[in-house]
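Here is how the chains run, residue by residue.
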Amino acid sequence: MATKNKTNQAKSVEQVLNRQVANLNVLYVKIHNYHWYVKGPNFFTLHVKFEEFYNEVTVQMDEIAERILTLKGSPAATMKEYLELSSIQEAAGGEDAKTMVQNLIEDFATLSNEYQEGIEVAEAAEDQPTSDMLTGFKADLEKHMWMLRSFLG
């Protein structure tokens, strides 16, 4: 019975992680959109910051997908899967710089909350490496949210 329970928990960890692979892939595209289309007096600051963010998102997405593979799972790997699984919405297009920053604060908050859920699922499954990985990512997001809120004043 304990083995079956561990299997169910492992599936839950995989499901939680797969949602984050999807979220991060959608966010990657969204931040690229913002990077390419930001305009105005904060262009130079935000253009560079958005590039930093999408590079970081790439690292997190890859680490999470590789963790799924380590757990003998299958990470989502198509745009169709990403859009079906993601709780992050695509960019609408045409956002001004302030809206872009506000949207990223909200998206980072969504990820942070979902990472917390993943931490709890991983700990229930006695999967400390996954919990530790998500804890580090959550701390990074919290710092980004603080900086973006400070940018908005």
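(A) Local environment of the overall build of the protein chain. Broken down by element type, the protein chain carries 5 helices and 0 strands. Mapped from its N terminus to its C terminus, the protein chain presents α and β elements in the order α-α-α-α-α. Its C-alpha atoms give the protein chain a radius of gyration of 16 Å, within 12% of the compact-globule value 15 Å for 153 residues. Along the longest, intermediate and shortest principal axes, the C-alpha atoms of the protein chain span 60 × 30 × 20 Å. Of all intrachain contacts in the protein chain linking residues separated by at least 6 positions in sequence, the fraction that spans at least 24 positions is 80%. When the accessible area of the protein chain is evaluated, it comes to approximately 8500 Å², of which 54% is carbon and sulfur surface. Across the protein chain, 14 positive and 23 negative side-chain charges occur, with their mean positions spaced 3 Å apart.

(B) Summary view of helix α2 (residues 43-70). Across its 28 residues, α2 extends 40 Å between first and last C-alpha, which sits within 8% of the 40 Å expected from 1.5 Å per residue. Of the positions making up α2, those classed as buried are L46, F50, F53, Y54, V57, Q60, M61, I64, A65, R67 and I68.

(C) Examining the nonpolar core more closely. Membership of the largest hydrophobic core comes to 38 residues, with the highest contact counts inside it found for F50 and I64. Mapped by element, the contributors of at least two residues to this core are α1 (2-37), α2, α4 (97-124) and α5 (128-152). Contacts of F50, omitting those with residues within four sequence positions, involve I31, Y34, H35, V38, M100, V101 and L104.

(D) Main features of a nonpolar patch on the surface. Taken together, the side chains of V29, M79 and L83 present a nonpolar region at the surface, about 260 Å² in accessible area. Tracing the chain through its elements places V29 in helix α1. For V29, a relative accessible area of 41% corresponds to the partly exposed category.

(E) The environment of T70, seen in detail. Secondary-structure assignment places T70 in helix α2. Counting along the chain gives 23 residues from T70 to H47, while the straight-line C-alpha distance between them is 35 Å.

(F) Region of the structure containing the environment of K49. Relative to the assigned elements, K49 resides in helix α2. According to the relative accessible area criterion, K49 is partly exposed, its value standing at 25%. For the pair formed by K49 and N18, sequence separation is 31 residues and the distance between their alpha carbons is 26 Å. Within the structure, the side chain of K49 is placed 2.8 Å from the side chain of E52, a separation counted as a polar contact.

(G) Spatial organisation of the environment of G93. Of note, G93 is situated in the loop between α3 (79-85) and α4. G93 sits 59 residues away from Y34 along the chain, and the two C-alpha atoms are 8.4 Å apart.

(H) View of the pattern of salt bridges. The tally for this structure, following the rule as stated, stands at 6 salt bridges. In this structure, the salt-bridge partner of E114 is R19, at a minimum N-O distance of 3.8 Å. Taken as a pair, E114 in helix α4 and R19 in helix α1 lie far apart in primary sequence, 95 residues in all. Accessibility expressed as a relative area gives 12% for E114, which makes it buried. The partly exposed category is assigned to R19, whose relative accessible area is 36%.

Definitions and cut-offs
- Residues numbered from 1 in each chain as written.
- Predicted model: local features only at pLDDT ≥ 70, side-chain atom pairs only at ≥ 80, totals over all residues.
- Heavy atoms only, no water.
- Helix = DSSP H or I, 4+ residues; strand = E, 2+ residues; numbered from the N terminus.
- Rg over C-alpha atoms; globule rule 2.2 N^0.38 Å.
- Contact = heavy atoms within 4.5 Å.
- Areas by Shrake-Rupley, 256 points an atom, 1.4 Å probe, with all protein chains shown as cover.
- Lys, Arg positive; Asp, Glu negative; His and termini not counted.
- Charge placed at Lys NZ, Arg CZ, Asp CG, Glu CD.
- Expected span 1.5 Å × (residues − 1).
- Buried < 20%, exposed > 50% of the residue type's maximum accessible area, 1.4 Å probe, protein only.
- Core = buried A, V, L, I, M, F, W, Y, C linked by side-chain atoms within 4.5 Å.
- Patch = residues over 30% accessible without salt bridge, like charges linked within 9 Å, V, L, I, M, F, W, Y side chains within 5 Å.
- Salt bridge = Lys/Arg side-chain N within 4 Å of Asp/Glu carboxyl O.
- Polar contact = N/O pair within 3.5 Å; in protein donor to acceptor, adjacent residues only side chain to side chain.

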